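Observations on the model geometry
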Amino acid sequence: MSEEINLNKTVFNKAQYSKTINTAFSELGVTTVQEQLDEQPNIEEFFSMYNDLFYEIPELGETNSHEFLIKQSSEYINYEEENEVIEELQKEISQLREDLLDSQRQVVELELGISIDENILPGTNGNAINVSGGVSSGNASTGGTSTGGTGGGTSGGGGGY
C-alpha cells in the first residue's frame, strides 16, 4: 500500500523574488505618511466642514466643543493679552474723560466765580449750570436769559451748547 506522492517546490532567486512577490502591505490597508497627508483637508475644506458641522458641535465641553476651540485658538494667538490691553486702554479713556470733565468744571467755576457740585448739575431756583460754560436763568416758557456758553440768548433757557 505504498503510494507515491510528488511534491513540487518553486524557488525564486533574490532578484526574481522582489519582482514577483509584492512585499508592500498595501493589501492590509496600511497607507504611507504621504498618502495620509494627502487625505487631510486643506484650510478651505476644513472651514467648509466646520460650517457644515457648526450647530452639531456642543457649545461647552473640555474637548470637541466651541468652548474648546475658543480656548485653544485664544492661547495660540495670545488673545487674552490683547484683551487685557484693550481693557487697560478703556480704563485710561474713562480716566481721561473724568479729568476733562473736572477741567471743564474748574473753568466754569473760575469764569463764574461759583462752586459747582459735581453730583448735581442742575442748580436750584430754576438755574441750571452747564459744564461747557454758562448759567441759564429761568426756563423757556418764562423767557429766561443765558450768560456764558456759546448759545442761548434772551429767547429762552439754553446756552452752553
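This structure is a prediction, so every number in the text was calculated from the model and none was measured.

Definitions and limits used
- Positions within a chain are numbered from 1, following the residues in the order the chain's sequence is written.
- Local features in this predicted model are restricted to residues whose pLDDT is 70 or higher, and side-chain atom pairs enter the listing and the counts only when it is 80 or higher, whereas totals over whole chains, interfaces and linings include all residues.
- The basis for the side-chain values is all heavy atoms of the structure; hydrogens and waters are excluded.
- Only DSSP runs of H or I reaching four residues or more are called helices, and only runs of E reaching two or more are called strands; each is numbered from the N terminus.
- Each residue is assigned to one of three classes by its accessible area relative to the maximum for its type, calculated with a 1.4 Å probe on protein chains only: buried under 20%, partly exposed between the two thresholds, exposed over 50%.
- Contact definition: two residues touch when any of their heavy atoms are within 4.5 Å.
- The protein chains shown are the only cover counted for residues, whose accessible areas, like all others here, come from Shrake-Rupley with a 1.4 Å probe.
- Classification of ring pairs rests on two measures: the distance between centres of Phe, Tyr or Trp rings, Trp counted by its six-membered ring, which must be within 6.5 Å, and the angle between planes, read as stacked under 30 degrees, edge-to-face over 60 and tilted in between.
- Any Lys or Arg side-chain nitrogen located within 4 Å of an Asp or Glu carboxyl oxygen qualifies as a salt bridge.
- Patch members must show over 30% relative accessible area and no salt bridge, and they are joined within 9 Å when carrying like charges or within 5 Å when they are nonpolar side chains of Val, Leu, Ile, Met, Phe, Trp or Tyr.
- By definition, pLDDT measures how confident the predictor is in each residue, and it falls between 0 and 100.
- A positive count includes Lys and Arg, and a negative count includes Asp and Glu. His and the chain ends are not counted in either.
- Positions of charges follow a simple convention, taking NZ of Lys, CZ of Arg, CG of Asp or CD of Glu.

**Brief notes about the overall build of the protein**
- Within the protein one finds five helices and three strands.
- Ordered by position from the N terminus, the helices and strands of the protein form the series α-α-α-α-α-β-β-β.
- Within the protein, the fraction of its 161 residues that count as buried is 12%.
- Within the protein, residue pairs in contact and separated by at least 24 positions form 12% of the contacts whose partners lie at least 6 positions apart.
- Carbon and sulfur atoms provide 53% of the accessible area of the protein, an area that totals close to 14100 Å².

**So, the packing of aromatic side chains**
- Applying the stated rule across the entire model yields four aromatic pairs.
- With centroids separated by 5.0 Å and ring planes inclined at 80°, the aromatic side chains of phenylalanine 46 and phenylalanine 47 adopt a geometry described as edge-to-face.
- Classification of phenylalanine 46 as partly exposed rests on a relative accessible area of 41%.
- With 5.7 Å between their ring centres and 85° between their planes, tyrosine 50 and phenylalanine 54 make a pair best called edge-to-face.
- A relative accessible area of 22% means that tyrosine 50 is categorised as partly exposed.
- Judged by relative accessible area, phenylalanine 54 falls into the partly exposed class, the value being 31%.

**As for unusual backbone geometry**
- Of note in this structure, asparagine 64 is not a glycine but carries a positive phi near 50°.
- Summarising the element assignment, asparagine 64 is placed in the loop between α3 (43-53) and α4 (66-76).
- When its relative accessible area of 62% is taken as the criterion, asparagine 64 is described as exposed.

**Here we look at the pattern of salt bridges**
- Within the structure shown, the criterion is met by three salt bridges.
- Glutamate 67 is paired through a salt bridge with lysine 71; the nearest N and O atoms lie 3.3 Å apart. One end of the pair, glutamate 67, and the other, lysine 71, are both in helix α4, four residues apart, so they sit about a helical turn from each other.
- For arginine 105, the salt bridge identified is with aspartate 102, shortest N-O distance 3.1 Å. Taken together, the residues span about one helical turn, with arginine 105 and aspartate 102 both in helix α5 (residues 79-112) at a distance of three residues.
- Residue classification places aspartate 102 among the partly exposed positions, given a relative accessible area of 33%.

**Considerations on a nonpolar patch on the surface**
- Side chains of Phe12, Tyr17 and Ile21 sit close together on the surface and give an oily, nonpolar patch of about 260 Å² of accessible area.
- With respect to the helices and strands, tyrosine 17 occurs in helix α1 (residues 14-20).

**Let's talk about the confidence of the model for the protein**
- Taken residue by residue, the protein gives an average pLDDT of 75. The fraction at 70 or more is 68%.
- Below pLDDT 50 for its whole length, residues 122-126 participates in seven contacts with residues either more than four positions away or in separate chains.

**A few points about a negative patch on the surface**
- A surface patch of like charges, here negative, comprises Glu80, Glu81, Glu82, Glu84 and Glu87.
- You can see glutamate 87 is positioned in helix α5.
- Given a relative accessible area of 42%, glutamate 87 falls into the partly exposed group.

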